[in-house]
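One-letter residues, chain by chain:
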Amino acid sequence: GGASPDGPWTVVTTTEEPTARIGEAEHRWFRVGAQTLTGAVGRSSPAAPALHMAAEVAFAAGRWDEARAVGREALKLAEGGKVRAEAAVVPTLVWHGFVAAHEARDYPDVLTWEELLADGVPAALAFDHAYRLADALQQVGDLAAATDQALEAIRILGPRPPEGSAERLQVLRQMVFE
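Residues numbered from 1 in each chain as written. Predicted model: local features only at pLDDT ≥ 70, side-chain atom pairs only at ≥ 80, totals over all residues. Heavy atoms only, no water.

Brief notes about the overall build of the chain
So, point 1. Along the backbone of the chain there are seven helices and four strands.
So, point 2. Going from N to C terminus, the chain has its helices and strands arranged as β-β-β-β-α-α-α-α-α-α-α.
So, point 3. In the chain, which comprises 178 residues, the share counted as buried stands at 33%.
So, point 4. Taking contacts inside the chain between residues at least 6 apart in sequence as the whole, the part at least 24 apart equals 48%.
So, point 5. Of the roughly 11200 Å² of accessible surface on the chain, a fraction of 52% belongs to carbon and sulfur atoms. (Helix = DSSP H or I, 4+ residues; strand = E, 2+ residues; numbered from the N terminus. Buried < 20%, exposed > 50% of the residue type's maximum accessible area, 1.4 Å probe, protein only. Contact = heavy atoms within 4.5 Å. Areas by Shrake-Rupley, 256 points an atom, 1.4 Å probe, with all protein chains shown as cover.)

Shown next, in the form of structure tokens:
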């Protein structure tokens, strides 16, 4: 793996298996170098971008600025047609960027990532999305839109909010009623 498509390269893993798990955020590009049983090393493959994996590692570690920066790099490559991404990669990168911006309290950037979520948010994330968006809108001073999003989040929770949502529900009620 390497930090750029030009290297320098370091051995990340060796395996006899057809797949290997990579977990280091500094490795943003990978190439495969075949090695025979006798130890002879063949020509390495072209460099392949793995920025989405680096973004995921940074997100999981709570490194919000890094997750957003690497996520943006990965999206640029995918949108520019330089790489093909599996269907779930781009929405995951955008969701992670949205959440990372909120966790970093970069509320204008939350709204930038929100524009990229135009394709929608999965139902399982709808409450979290509405809550974070309401908070960001309140923080940037768009109180009418924040109230609308807070009401949407409350509606999503329904009459019997799930366990663990009481604190967020209280924040949303304050946005609406205060």
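Remarks on the nonpolar core
Nonpolar side chains tend toward joint burial in soluble globular proteins.
So, point 1. Ranked by size, the top nonpolar core spans 26 residues in total, and within it Leu93, Phe98, Val110 and Trp113 carry the most contacts.
So, point 2. When residues of this core are traced back to their parent elements, those giving at least two are α1 (51-60), α2 (64-79), α3 (89-103), α4 (107-116) and α5 (126-139).
So, point 3. Among residues more than four places away in sequence, those in contact with leucine 93 are His52, Ala55, Gly71, Ala74, Leu75 and Trp113.
So, point 4. Residues Phe127, Ala150, Leu172 and Met175 belong to the second largest nonpolar core, which totals 11 residues. (Core = buried A, V, L, I, M, F, W, Y, C linked by side-chain atoms within 4.5 Å.)

Here we look at the pattern of salt bridges
So, point 1. The final tally for this structure, using the stated rule, is nine salt bridges.
So, point 2. For the salt bridge of glutamate 103 with arginine 132, the shortest nitrogen-to-oxygen distance reads 2.9 Å. In this pair, glutamate 103 is assigned in helix α3 and arginine 132 in helix α5, connecting sequence segments 29 residues apart.
So, point 3. Accessibility expressed as a relative area gives 34% for glutamate 103, which makes it partly exposed.
So, point 4. For aspartate 128, the salt bridge goes to arginine 168, with nearest N and O atoms at 2.6 Å. On the criterion of sequence distance, the pair formed by aspartate 128 in helix α5 and arginine 168 in helix α7 (residues 166-177) is long-range, its members being 40 residues apart.
So, point 5. Overall, aspartate 128 belongs to the buried group, its relative accessible area being 18%. (Salt bridge = Lys/Arg side-chain N within 4 Å of Asp/Glu carboxyl O.)

Describing α5
So, point 1. Between its first and last C-alpha atoms α5 spans 20 Å; for 14 residues at 1.5 Å apiece the expected length is 20 Å, and the two agree.
So, point 2. Within α5, 11 of the 14 residues are buried, leaving the element largely enclosed by the surrounding structure.
So, point 3. Every buried residue of α5 is listed here: Phe127, Asp128, His129, Ala130, Tyr131, Arg132, Leu133, Ala134, Asp135, Ala136 and Leu137.
So, point 4. Buried-residue contacts for α5 involve α3, α4, α6 (143-157) and α7. (Expected span 1.5 Å × (residues − 1).)

Topic: the packing of α1 against α2
Each pair of packed helices can be summarised by the angle the axes make with each other and by the distance between the axes.
So, point 1. The contact between α1 and α2 brings their axes to 8 Å, and the two run at 160°. Here α1 lies roughly antiparallel to α2, going by the angle between them. As for the relative orientation of α1 and α2, their crossing is left-handed in sense. Only Trp64, Glu66, Ala67, Val70, Gly71, Glu73, Ala74 and Leu77 of α2 make contact with α1, whose side of the interface consists of Leu51, His52, Ala54, Ala55, Ala58 and Phe59.
So, point 2. Classifying every residue of the contact of α1 with α2 by side-chain character gives 10 nonpolar, two polar and two charged. (Axes fitted to C-alpha atoms, helices over the stretch in contact; angles between N-to-C directions. Parallel < 35°, antiparallel > 145°, perpendicular 65-115°, else oblique. Left-handed = near helix turned anticlockwise from the far one by under 90°. Nonpolar A, V, L, I, M, F, W, Y, C, P; charged D, E, K, R; others polar.)

Considering α3
So, point 1. The terminal C-alpha atoms of α3 lie 21 Å apart, and with 15 residues this matches the ideal 21 Å at 1.5 Å per residue to within 8%.
So, point 2. Most of α3 sits inside the fold, with 11 of its 15 residues counted as buried.
So, point 3. Its buried side turned inward, α3 meets α1, α2, α4 and α5.
So, point 4. Where α3 ends, the next residue or the one after it, arginine 105, has phi of about 60°, a positive value.

Let's talk about the packing of α2 against α4
So, point 1. The interhelical angle for the contact between α2 and α4, taken along N-to-C directions, is 30°, at an axis separation of 13 Å. One element, α2, and the other, α4, form an angle in the roughly parallel class. As for the relative orientation of α2 and α4, their crossing is left-handed in sense. Mapping the contact onto sequence places Arg68, Arg72 and Leu75 in α2 and Asp109, Thr112, Trp113 and Leu116 in α4.
So, point 2. When the residues that make up the contact of α2 with α4 are grouped by side-chain class, the tally is three nonpolar, one polar and three charged.

These results come straight from atomic positions and should not be treated as a statement about function.
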